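Structural overview for review
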Amino acid sequence: GDIMGFWYFLILFVGITLIVVGILNKDVSRSVKIVSLSLVIGVLFIVVSLIMLLPGSSEVVSQLLQPN
């Protein structure tokens, strides 16, 4: 519920941050920037979706967020 929603927001925020950083980095040519961002974001989504599909991922996340 709330915990998974938090993680989806965090992932979205990280994605936006990566895009902003890529746009602000003027030293890299535009095509290289687009390819790099596509690769990074693609890998990010793949890793995230695999983690979300794992059984018990919500329990693991809740333990990470609330260490005892």
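Look above for the structure.
Not measured: the values here are computed from a predicted model.

Calculation criteria
- Residues numbered from 1 in each chain as written.
- Predicted model: local features only at pLDDT ≥ 70, side-chain atom pairs only at ≥ 80, totals over all residues.
- Heavy atoms only, no water.
- Patch = residues over 30% accessible without salt bridge, like charges linked within 9 Å, V, L, I, M, F, W, Y side chains within 5 Å.
- Areas by Shrake-Rupley, 256 points an atom, 1.4 Å probe, with all protein chains shown as cover.
- Salt bridge = Lys/Arg side-chain N within 4 Å of Asp/Glu carboxyl O.
- Helix = DSSP H or I, 4+ residues; strand = E, 2+ residues; numbered from the N terminus.
- Buried < 20%, exposed > 50% of the residue type's maximum accessible area, 1.4 Å probe, protein only.
- Expected span 1.5 Å × (residues − 1).

Attention shifts here to a nonpolar patch on the surface. There is a patch of nonpolar side chains on the surface, built from L12, I16, V20 and L24 and spanning about 380 Å² of accessible area. Structurally, L12 can be placed in helix α1 (residues 2-24). Judged by relative accessible area, L12 falls into the exposed class, the value being 52%.

Another point: the environment of I23. One can find I23 in helix α1. Separated by 14 residues in the primary sequence, I23 and L37 place their C-alpha atoms 9.5 Å from one another.

Among the structural elements, I34 can be located in helix α2 (residues 30-53). Among the residues examined, I34 registers a relative accessible area of 46% and is labelled partly exposed. Taking the C-alpha atoms as reference points, I34 and I23, separated by 11 residues in sequence, lie 9.1 Å from one another.

Mapping I16 onto the fold places it in helix α1. The class of I16 is partly exposed, set by a relative accessible area of 45%.

Residues spaced three or four apart along an α-helix face the same direction, because each turn holds 3.6 residues. With 24 residues, α2 should cover 34 Å at 1.5 Å per step; its first-to-last C-alpha distance of 34 Å lies within 8% of that length. Every buried residue belonging to α2 is among K33, L37 and V48, and all of these are buried.

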